[in-house]
Every structure is written in structure tokens, then in C-alpha cells.
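# Observations on the three-dimensional arrangement
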Amino acid sequence: MAIKRSSSQQKSERLPRQKGKRKPTEVKAKSPNSEENILVSTEIVEDLENNNEDKIRPHRLVDYIGQKDLKAVLQIAIAAAQQRQEQLDHILLYGPPGLGKTTMSLILASEMGVNCKITAAPALERPRDIIGLLVNLKPKDILFIDEIHRLNRITEELLYPAMEDGRLDVTIGKGQAAKIRTIPLAPFTLMGATTKIGSLTSPLRDRFGLIQRLQFYYVDELTEIILRSASILKLEIEQEGAEEIARRSRGTPRIANRLLRRVRDYAQVKQQTVITQPLAGEALDIHNVDARGLDWTDRLVLSTMIDQFQGGPVGLEAIAAATGEDKKTIEEVYEPYLLQIGFINRTTRGRVVTDKAYEHLKTVDS
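Everything quoted here is computed from the prediction, not taken from an experiment.

Helices and strands together make up the secondary structure of the protein, namely 14 helices and 13 strands. For the protein, the proportion of its 366 residues judged to be buried stands at 44%. Taking all contacts inside the protein whose residues are at least 6 apart in sequence as the whole, residues at least 24 apart take part in 68%. For the protein, the computed accessible surface area is about 21400 Å², with 46% contributed by carbon and sulfur atoms.

Below you can see the structure in the form of C-alpha cells.
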């Protein structure tokens, strides 16, 4: 005899779990003046305000040390935007890593009294990632994209109307049923940072109203940064000790703060309460950082060029093979600083070691 189940029993019965890939949960947010819901990606925005490692970052433009030309330009831009009660124009900062591009974005947000959302281009893999960020921005907010030269083509093209006209053109559906929805955006500032400005496409680069380069720091500027960081970290350091760390910091504040932490560790283990010049020198010598900021690999590159290739000219691939280092690592990590301080030269025939490098290596060896 067949038993007919009621509709309520059929609804309450648990369906068997299907095997296979589980469909990810989608978080939806309603955009203003739009009938469509836009998918919002999660955990792609970096919040630096509550990060203990970033407590030494300055939060005001007057506390930002160095980059005088950049500060002068930004002070005018901030004052003009505040007088017009508008958002800042889109800003592109480029230069070597560790010079304060992310810090500057947080300072600008603080000066304008708005929020700053921080992300990186590799995290914006799908269109919904950038769409979710843009539709949730409040008026005059800053969206900071690090390594912006690594944006994929689709994400970059979505930014074009957002930057120029304050709108998003989103395609809904596929084929003949596809429709384009225009989503208005709140006025915002896109702030991009890159170490390779030449890798940006012209349409994207030309849409930035301000394009500024960050320069390497001088020793006196780095000394001031180290003294400020030491006071925040509650370290007692002499002027000469700060200068010793600054000379070995390769003109980069990020490296200066990193070396300061290593000297702090050394002083703590040695039970020294004050960081002096000899103490800082001893600590950094342990880490193979010499008086010009060269580490073991920098000196290996120079000594290899001198001993095996008579100082050059020598090609990059030959240097990489002789040292055992990756070709790209030498070209992007070690070579820029050696070129900056004049220890090597680039010629049409290859790299050449300069007299300054010979003198420095003699000093180190002695």
C-alpha cells in the first residue's frame, strides 16, 4: 500500500548533500540609485589604523619627514580641495619601495577628514572586487591601490569611467540578453602607488591629476626619522647612534626602522640602556650591513664582478650565474642601489664596477 506524504513533510525532509565543490557565499550590497545588487568581495582591504606595527607612521603632513617638494604640492592640493569643498584629484605616486607611499595615503585621508581604503592590485582579481570597493566609498573617501601597475585589463577598464565621470558601467547577463547598468558613485579620490610607472598603460596614467615621484632620503632626514621612531618605541638613543643607523639604511625609511629594531634587540640582549654609535655599529655588523648599507649579497655581486670578470663590462646573466642569485632579483633589488651610490655603471656592453666600489671593498676588507 502506497503512503502519500504531505507537502509539509516533503519540505521538512532534509535533502542529501551533493558531492562536489561548494558554492562560495556571496555578500551583496545595494548601491545607491540602482536596481541591481553588486557582489562585494571580502577581506581584500587592509586596515592599518589598528595595526601595532604601524604605530610609528606619521598621521599628519607636518610630521612627515622628507620629500619637501612632494609635501609642498600636496599642501596646495589639500588647501584648494578644502576651499572648494571637493575631493582631492586622483594621485599617482611612484618610486622605489619603502619610501612612504602608503603612509602618504593615510596622511592625506587624515588631512581631508575622510576614510582611506587600502588594497593591492593583485587582490583585485575579479570585477566584483573593485566594484564592491567603489560602491561602498563615501563622498571624498580615498581608495589606495598599491602596485597599481599589476591591475588586470578588465579591472583597469572599469576604473576609467569611475575616475572620469564618477560612474560604473556594469554588464548584466550574457549574449543577447546582456544589459548595461550605469551605477553612480560618490565623489572619491583614487590614489595609486607603483614602483614601475613605465608598466602603466597610457589611458590609466593620463587619468591621474597629480603624478609625483618619491626620492631617496638624505642621511639627516633618516636620522630625524630614527629619532622619532625611537621616541615612540621608548628607546634611548644618542644622536651619533641614530646617524650610524641612518648611514646604513640605503636612503629608505622602511629599512631605517627595520635596522632600528635589530639594534634594539642587540642592546636588550647586551643589557645596554642607551644606543650609542659603537653599539649600533656592532649590532649592524652582525647582520652584515656595512657603513654604506651594503649587505653580504651586494658585496658578493661587486666582488664577483671584480675577481671573475676584471670589473667588467659583464652581462647580467653572467653575474647571476656566477653568484647563484636570480637575474631578476639582482636587477630589481640589488642593482638600483649600487647604481644610485655610483658603485657600478651600465654601459651598452654590460655592467662595470667603478673606482668608488674598489675603494669601499678595500676599506671593508681591511
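Additional details are given in the paragraphs that follow.
Here Thr 304 is to be found in helix H11 (residues 296–309). The exposure class assigned to Thr 304 is buried, which follows from its relative accessible area of 5%. In this structure, Thr 304 is in contact with Phe 309, Ala 322 and Thr 323, ignoring residues within four places of it in sequence.

A sheet is described by the order of its strands in space; here five strands give the open sequence E4-E5-E8-E3-E9, paired in parallel fashion. Unpaired on one side and paired on the other, strand E4 (116–120) and strand E9 (210–213) mark the two borders of the sheet. Taken pair by pair, the neighbouring strands of this sheet meet at an average axis angle of 15 degrees, ignoring direction. Pairing analysis gives four bridges linking strand E3 (residues 91–94) to strand E8 (residues 189–194), with the strands arranged parallel. Bridge pairing in E8 places Tyr 94 opposite Thr 194. The strands touched by helix H3 (residues 101–112) within the sheet are E3, E4, strand E5 (142–146) and E8, with E5 carrying the most contacts at an inclination of about 180 degrees.

Counting residues in hydrophobic clusters, the biggest one holds 51 residues, and the most contacted among them are Met 104, Leu 108 and Ile 245. Per-element accounting of this core gives the leading share, seven residues, to helix H9 (residues 253–269). Of all hydrophobic cores here, the second largest spans 27 residues; its members include Ala 121, Leu 137, Phe 188 and Phe 208.

What follows covers unusual backbone geometry. Backbone geometry places Arg 250, a non-glycine residue, at a positive phi of 60 degrees. Locating Arg 250 in the fold gives a position in the loop between helix H8 (239–247) and H9. Judged by relative accessible area, Arg 250 falls into the buried class, the value being 12%. One non-glycine residue with positive phi stands out, namely Gln 310, at about 55 degrees. Look at Gln 310 and you get exposed, because its relative accessible area is 60%.

What follows is about the pattern of salt bridges. Inspection of every chain in the model, using the stated rule, returns 17 salt bridges. Residue Asp 129 is joined to Arg 126 by a salt bridge in which the shortest nitrogen-to-oxygen separation is 3.8 Å. Residue classification places Asp 129 among the buried positions, given a relative accessible area of 2%. For Arg 126, a relative accessible area of 42% corresponds to the partly exposed category. Of the charged contacts in the structure, one is a salt bridge between Arg 248 and Asp 285, with a shortest N-O distance of 3.0 Å. You can see Arg 248 sitting in the loop between H8 and H9 and its partner Asp 285 sitting in helix H10 (residues 277–286), a full 37 residues away along the chain. Residue Asp 285 is classed as partly exposed on the basis of its relative accessible area, which comes to 46%. One network of salt bridges, in which partners are shared, links Glu 244, Arg 247, Arg 248 and Asp 285.

Definitions and limits used
- Residues numbered from 1 in each chain as written.
- Predicted model: local features only at pLDDT ≥ 70, side-chain atom pairs only at ≥ 80, totals over all residues.
- Heavy atoms only, no water.
- Helix = DSSP H or I, 4+ residues; strand = E, 2+ residues; numbered from the N terminus.
- Buried < 20%, exposed > 50% of the residue type's maximum accessible area, 1.4 Å probe, protein only.
- Contact = heavy atoms within 4.5 Å.
- Areas by Shrake-Rupley, 256 points an atom, 1.4 Å probe, with all protein chains shown as cover.
- Pairing = 2+ DSSP bridges.
- Axes fitted to C-alpha atoms, helices over the stretch in contact; angles between N-to-C directions.
- Core = buried A, V, L, I, M, F, W, Y, C linked by side-chain atoms within 4.5 Å.
- Salt bridge = Lys/Arg side-chain N within 4 Å of Asp/Glu carboxyl O.

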